[in-house]
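If you want the building blocks of each chain, they are given just below.
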Amino acid sequence: RWLTCKSLPPGALERIADTIADRLRVPWFSGAVKINVSLVPPLVLLPVFLHVAALHFLLGLIILTSLPVVVLWYYYLTHRRKERTLFFLSLGLFSLGYMYYVFLREVVPRGHVEYSQVVALTCGLILMLAALSRAKKDPGYLPISAGNEKPSHQGLPNKSVRGSSSGLHGISGAASSRAVNGETKGYCRMSAEQPEGVKKDWCTKCQLVRPARAGHCRLCGRCVRRLDHHCVWINSCVGEQNHQAFILALSFFMLTSVYGITLTLHTICRGRTPFVALFYCPGAYSDYSSALSFTCVWYCAIVTAGMGYILLIQLLNISYNVTEREARLALRDNTGRRLLGGLVIDTGQYNRGLLCNWGHFLSLGSSPPQRSAEDIV
């Protein structure tokens, strides 16, 4: 009906796509293994696009310009639908592996890269993957009670949950004020208390009392301690337990990527500085090997610029002790100040100075999380 331009029942194409995704499996000894469809496009399209882009300068310009647009379009599409996808994680990991493969196959054999430089690049890649693996672990999920049962105090009025000086909220307020997120041991004391009516500690979806600065992720369906944001590149939340590893992974990626780009440009564009060679390299398309290497360099440069912007925003947020979630809420409620040309939103709530803010960040996850008021009751 679709090929003959006839009308389709509502949701027919979605059901067909779901059926195909469910039946896309690989035979295995213990039974067929289901393959996530979002893993496949980067594995197929990225090598094809890069090899086509290496055929001619204009093809490279068109493809390298359209790739970021397509990735951003897919991000906003999945973000609007609140869908989890492995596309970005697959794209990131396969890009790393494929760029490393091209470097070993096309750049190293030219003889201008020393053995120690290859070892240094490999070590940087390994360290980045180790930090990424740590960032993929528990970001600080709050425990959910068995069966997600609603506690007995749920039917109490909102006043007793939000501001009463007695009953359950007196316990939860004390627990929140002692939360690890609100205090940096060894550096300074940072109050986790919030003004009356500003923060609701009760999560209606997880049915639990949240400590200060915790938030609910709609993609993961869980509450996370000191929730910063849900990162599509690691397909997980960034919270109290993995924020340091996330920053470390970004830093290792930046150093490794810039170092790899520099080595490649020094090899295929001899006698020019890396910045000049990136925009002017006359012999880049003299042979296919150089053209492919130069195309991969530009692809890495585009990805590195994007990740560098993310790292910059993260470092600024840490310096002002504000999370991405808190910045969005401050913009929505018009309670924050735009600083540095809008790059950072200072809520003024947890900012205690540069050194104290970084001391607080470096101490995240160093102490065991406090028991919630629900567990105490």
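Note that the structure is predicted; figures quoted are calculated from it, not measured.

## Focus: the overall build of the protein chain
- When its secondary structure is counted, the protein chain shows 13 helices and 10 strands.
- Across the 377 residues that make up the protein chain, the buried fraction comes to 42%.
- Once local pairs closer than 6 in sequence are excluded, the contacts in the protein chain between residues at least 24 apart make up 65%.
- Of the roughly 21000 Å² that the protein chain leaves accessible, carbon and sulfur atoms contribute 63%.

## Some remarks on the pattern of salt bridges
- Summed over the entire model, instances satisfying the criterion amount to seven salt bridges.
- The salt bridge involving Arg25 is made with Asp22; its shortest N-O contact spans 3.3 Å.
- Here Arg25 falls in the partly exposed class, since its relative accessible area comes to 39%.
- Close ionic contact of Asp333 with Arg332 constitutes a salt bridge, the shortest N to O distance being 3.1 Å.
- For Asp333, a relative accessible area of 44% translates into the label partly exposed.

## A short note on a positive patch on the surface
- The grouping of Lys82, Lys205, Arg218 and Arg328 at the surface amounts to a positive patch.
- Looking at where Lys82 falls in the secondary structure, it is placed in the loop between α3 (57-81) and α4 (87-107).

## Digging into the packing of aromatic side chains
- On inspection of all chains with the given rule, the structure shows 14 aromatic pairs.
- Relative to Tyr285, the ring of Phe57 has its centre 6.4 Å away and its plane inclined at 90°; by these criteria the two rings are edge-to-face. Residue Phe57 is found in helix α3, and its partner Tyr285 is found in the loop between α9 (274-279) and α10 (288-319); the two are separated by 228 residues along the sequence.
- Taken together, the ring pairs in this structure connect Tyr74, Tyr75, Tyr76, Phe87, Phe88 and Trp233 into an aromatic cluster.

## A closer look at the side chain of Glu240
- Among the structural elements, Glu240 can be located in the loop between β8 (236-238) and α8 (243-268).
- In this structure, Glu240 is buried with no salt-bridge partner, the nearest side chain bearing the opposite charge being Arg225 at 4.8 Å.
- There is a polar contact of 3.2 Å between the side chain of Glu240 and the side chain of Gln241.

## Points about the environment of Ser319
- Assignment of secondary structure puts Ser319 in helix α10.
- It is 7.7 Å that separates the C-alpha atoms of Ser319 and Gly353, two residues lying 34 residues apart in sequence.
- Dropping the residues within four chain positions of it, Ser319 is found in contact with Asn351, Gly353, Leu354, Asn357 and Trp358.
- A polar contact of 2.9 Å, which involves the side chain of Ser319, links it to the backbone oxygen of Leu315.

## Comments concerning the UniProt feature "transmembrane region" (unreviewed entry) in the protein chain
- The UniProt record annotates "transmembrane region" (unreviewed entry) at residues 48-74, 86-103, 115-132, 245-268 and 288-312.
- Secondary structure content for residues 48-74 is 89% helix and 0% strand, and the end C-alpha separation is 19 Å.
- End C-alpha atoms of residues 245-268 are separated by 34 Å, and the span's content is 100% helix alongside 0% strand.

## Overview of the packing of α8 against α10
- Between α8 and α10, the least distance of the axes is 9 Å, while the angle of their chain directions is 150°. The orientation of α8 relative to α10 falls into the category roughly antiparallel. The two elements α8 and α10 meet at a crossing, and its hand is left-handed.
- A per-class count over the contact of α8 with α10 returns 19 nonpolar, nine polar and no charged.

## Considering the state of the cysteines
- Inspection of every chain in the model, using the stated rule, returns one disulfide.
- Covalent S-S linkage joins Cys269 and Cys281, the inter-sulfur distance amounting to 1.7 Å. Disulfide Cys269 to Cys281: torsion about the S-S bond roughly -105°, handedness left-handed. Here Cys269, found in the loop between α8 and α9, pairs with Cys281, found in the loop between α9 and α10; they are 12 residues apart in sequence, far enough to count as distant.
- Given a relative accessible area of 12%, Cys281 falls into the buried group.
- Between Cys223, a free cysteine, and Cys203, which holds the nearest cysteine sulfur, the sulfur-to-sulfur gap is 3.3 Å.

## Notes on the environment of Pro211
- Residue placement: Pro211 occurs in the loop between β4 (208-209) and β5 (215-217).
- The class of Pro211 is buried, set by a relative accessible area of 8%.
- Counting along the chain gives 15 residues from Pro211 to Arg226, while the straight-line C-alpha distance between them is 8.6 Å.

## Regarding the packing of α3 against α4
- Viewed as axis vectors pointing N to C, α3 and α4 meet at an angle of 150°, and their least axial separation amounts to 11 Å. Between α3 and α4, the crossing angle belongs to the class labelled roughly antiparallel. On α4, the residues that touch Val71, Tyr74, Tyr75 and Thr78 of α3 are Phe87, Phe88 and Leu91.
- Grouping the constituent residues of the contact of α3 with α4 by class yields six nonpolar, one polar and no charged.

## Structural notes on the confidence of the model for the protein chain
- Taken over all residues, the pLDDT of the protein chain has a mean of 82, while the share at 70 or more is 82%.
- The least confident element of the protein chain, judged by mean pLDDT, is helix α6 (residues 158-162) at 39; the most confident is helix α5 (residues 115-135) at 96.
- Contacts of residues 372-377 to residues separated by more than four positions or lying in other chains number 14 contacts, the stretch itself having pLDDT below 50.

Conventions adopted
Residues numbered from 1 in each chain as written. Predicted model: local features only at pLDDT ≥ 70, side-chain atom pairs only at ≥ 80, totals over all residues. Heavy atoms only, no water. Helix = DSSP H or I, 4+ residues; strand = E, 2+ residues; numbered from the N terminus. Buried < 20%, exposed > 50% of the residue type's maximum accessible area, 1.4 Å probe, protein only. Contact = heavy atoms within 4.5 Å. Areas by Shrake-Rupley, 256 points an atom, 1.4 Å probe, with all protein chains shown as cover. Salt bridge = Lys/Arg side-chain N within 4 Å of Asp/Glu carboxyl O. Patch = residues over 30% accessible without salt bridge, like charges linked within 9 Å, V, L, I, M, F, W, Y side chains within 5 Å. Lys, Arg positive; Asp, Glu negative; His and termini not counted. Charge placed at Lys NZ, Arg CZ, Asp CG, Glu CD. Phe/Tyr/Trp six-rings, centres within 6.5 Å; stacked < 30°, edge-to-face > 60°. Polar contact = N/O pair within 3.5 Å; in protein donor to acceptor, adjacent residues only side chain to side chain. UniProt positions renumbered as here; feature names shortened; annotations may be inferred. Axes fitted to C-alpha atoms, helices over the stretch in contact; angles between N-to-C directions. Parallel < 35°, antiparallel > 145°, perpendicular 65-115°, else oblique. Left-handed = near helix turned anticlockwise from the far one by under 90°. Nonpolar A, V, L, I, M, F, W, Y, C, P; charged D, E, K, R; others polar. Disulfide = S-S within 2.5 Å. pLDDT = per-residue confidence, 0-100.

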